[in-house]
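# Architecture and fold: a report
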Amino acid sequence: MKIIDISVPLNETLPVFPGDPPLVLAQQGGAFAVSSLSLASHSGTHLDLPGHLGLDGPSVVDLPLEQMIGPCQVWDLSEHRGPIDEALLARRPEPVGPKVLLRTGNSRLWQEKTFCADYQALTADGAAWLISRGVRLIGIDYLSIEAPSGDGTVHRLLLEAGLIILEGLDLRGVSAGSYELICLPLKLASCDGAPCRAVLRSL
Ligand SMILES: N[C@@H](CC(=O)c1ccccc1NC=O)C(=O)O
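This write-up is about the structure you can find in this document. (Residues numbered from 1 in each chain as written. Predicted model: local features only at pLDDT ≥ 70, side-chain atom pairs only at ≥ 80, totals over all residues. Heavy atoms only, no water.)

## Observations concerning the overall build of the protein
Applied cut-off: Secondary structure follows DSSP: runs of H or I at least 4 residues long count as helices, runs of E at least 2 residues long count as strands, and numbering of each begins at the N terminus. Computation of the radius of gyration draws on C-alpha atoms alone. For the globule rule, the value is 2.2 Å times the number of residues to the power 0.38. Throughout, a contact is declared for two residues whenever any of their heavy atoms are within 4.5 Å.
Of regular secondary structure, the protein possesses 3 helices and 10 strands. N-terminal to C-terminal, the α/β element order of the protein is β-β-β-β-β-α-β-α-β-α-β-β-β. Over its C-alpha trace the protein gives a radius of gyration of 16 Å, about what one expects of a compact globule, namely 17 Å for 203 residues. Within the protein, counting contacts between residues at least 6 apart in sequence, those at least 24 apart form 75% of the total.

See the structure below:
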């Protein structure tokens, strides 16, 4: 059984969303080395939770593990250019499961040393379509699911409907299909998001 790591490595050169705090790792020497780590709740591969948009709702400790672990579909939209909207999503032939990861052209942006604002993002009608189809976790392969010109509507629609958003995935090596997702965020007691380790297990 193959296990694919779809998380990005955390280091100080990893691009961050503009305005987010940088990752700082201060290595401490000594006989028993303990480093000091400062990072954003939205560094690298991470979950967005309702608090990100100032909404009431669960933090990581409150989330059912079943929402982050279980059957998952990867949809390959990497040949598509432009926004990910309802018209594009509704063309998919297969029944929609509760966890969907969108592989887009964005995965290529991880090769760049700086943040790229020209990433592919979900539209509001795309978000409404996913909600209407019963999706509970939606993932995407860059640092936000919403276009940088967005006003938070896409995030708000998804989070108000109780979806969790998994951002910052690296889906470069992942083919479309059915997998088991294992996504384990840091168990932060109260926070607007959390860095995660996420892997896919082939079925
Ligand atoms: N860092 C956020 C994204 C974000 O902050 C954002 C996304 C789209 C448009 C504007 C945004 N933030 C502030 O201007 C995230 O983790 O999803």
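## Brief notes about the packing of aromatic side chains
Here is the rule we go by: Between rings of Phe, Tyr and Trp, where Trp is taken as its six-membered ring, a pair exists when centres lie within 6.5 Å; planes separated by under 30 degrees are stacked, by over 60 edge-to-face, and by other angles tilted.
Using the criterion set out here, one finds 6 aromatic pairs in the structure. Among the aromatic residues, those joined into a cluster by ring pairs are Phe17, Trp110, Phe115, Tyr119 and Tyr142.

## Some remarks on the nonpolar core
As a reminder, the rule being used: Within this scheme, the nonpolar core is defined by two criteria: the residues are buried Ala, Val, Leu, Ile, Met, Phe, Trp, Tyr or Cys, and they are joined through side-chain atoms within 4.5 Å. Residue burial is assigned from relative accessible area. The probe radius is 1.4 Å, only protein chains are included, and a residue is buried under 20% of its type maximum, exposed over 50%, and partly exposed in between.
With 23 residues, the main nonpolar core has Ile6, Leu47, Leu101, Leu166, Leu181 and Leu200 as its most contacted residues. For Leu101, the residues in contact, after removing those within four places along its chain, are Ile6, Cys72, Gln73, Val74, Trp75, Leu137, Gly139, Leu166, Leu169, Leu171, Leu181 and Leu200. Judged by nonpolar contacts, the second largest core, of 21 residues, contains Leu102, Leu122, Val135 and Ile165.

## What to know about the state of the cysteines
The test is simple: Note on disulfides: each one is a pair of cysteine sulfur atoms within 2.5 Å.
Under the counting rule described, the total for this entry stands at 0 disulfides. Here Cys191 stays free of any disulfide, with the sulfur of Cys196 as its closest cysteine sulfur at 11 Å. A relative accessible area of 26% places Cys191 in the partly exposed class. With no disulfide of its own, Cys196 lies 3.8 Å from the sulfur of Cys183, the closest cysteine sulfur.

## So, the site of the ligand
The cut-off we apply is this: Nearness is judged by heavy atoms alone; a residue qualifies as near a molecule or strand once a single heavy atom is within 4 Å of it. By the criterion applied in these results, polar contacts are pairs of N or O atoms within 3.5 Å in which, for protein atoms, one can donate a hydrogen and the other can accept it, and in which residues neighboring in sequence qualify only through two side-chain atoms. In short, Shrake-Rupley with a 1.4 Å probe defines the accessible areas, and a residue's cover is counted only from the protein chains shown.
Around the ligand there are 14 residues in total, and His42, His46, Asp48, His155 and Glu167 lie nearest to it. Interatomic distance of 2.9 Å between a side-chain N/O atom of Asp48 and an oxygen atom of the ligand. Here an oxygen atom of the ligand and a side-chain polar atom of His155 are 2.8 Å apart. Calculation on the ligand without its partners gives an accessible area of 400 Å², and the protein chains cover 73% of this total.

## With respect to the pairing of strand S9 (residues 177-185)
How we decide: Two strands form a pair only when DSSP identifies at least two bridges running between them.
Here strand S5 (residues 69-76) pairs with S9 via 6 bridges, running antiparallel. Bridge pairing links Cys72 to Tyr179 in S9.

## Focus on helix H2 (residues 124-132)
Rules: Working note: the arc is built from the helix axis to C-beta atom directions.
Three or more residues of H2 are buried, namely Gly126, Ala127, Trp129 and Leu130. Along the axis of H2, the buried positions cluster into a sector of 160 degrees, meaning they face one direction only. Where H2 is buried, its residues touch S5, helix H1 (86-89), strand S7 (137-140) and helix H3 (153-160).

## Quick word on the side chain of His155
Along the chain, His155 falls in helix H3. Since its relative accessible area comes to 7%, His155 is described here as buried. A polar contact of 2.9 Å, which involves the side chain of His155, links it to the side chain of Asp48. A polar atom in the side chain of His155 sits 2.7 Å from the side chain of Glu146. Not counting the four nearest positions on each side in its chain, His155 is found in contact with Asp48, His52, Leu53, Ser144, Ile145, Glu146, Ile165 and Glu167.

## Notes on H3
Turning to H3, its buried residues number three or more, namely Val154, His155, Leu158 and Leu159. Buried residues in H3, looked at end-on, bunch into an arc of 115 degrees, giving them a common side. Residues of H3 that are buried make contact with strand S4 (46-48), H2, S7 and strand S8 (164-167). Remark: Gly162 follows H3 within two positions and exhibits a positive phi of approximately 90 degrees.

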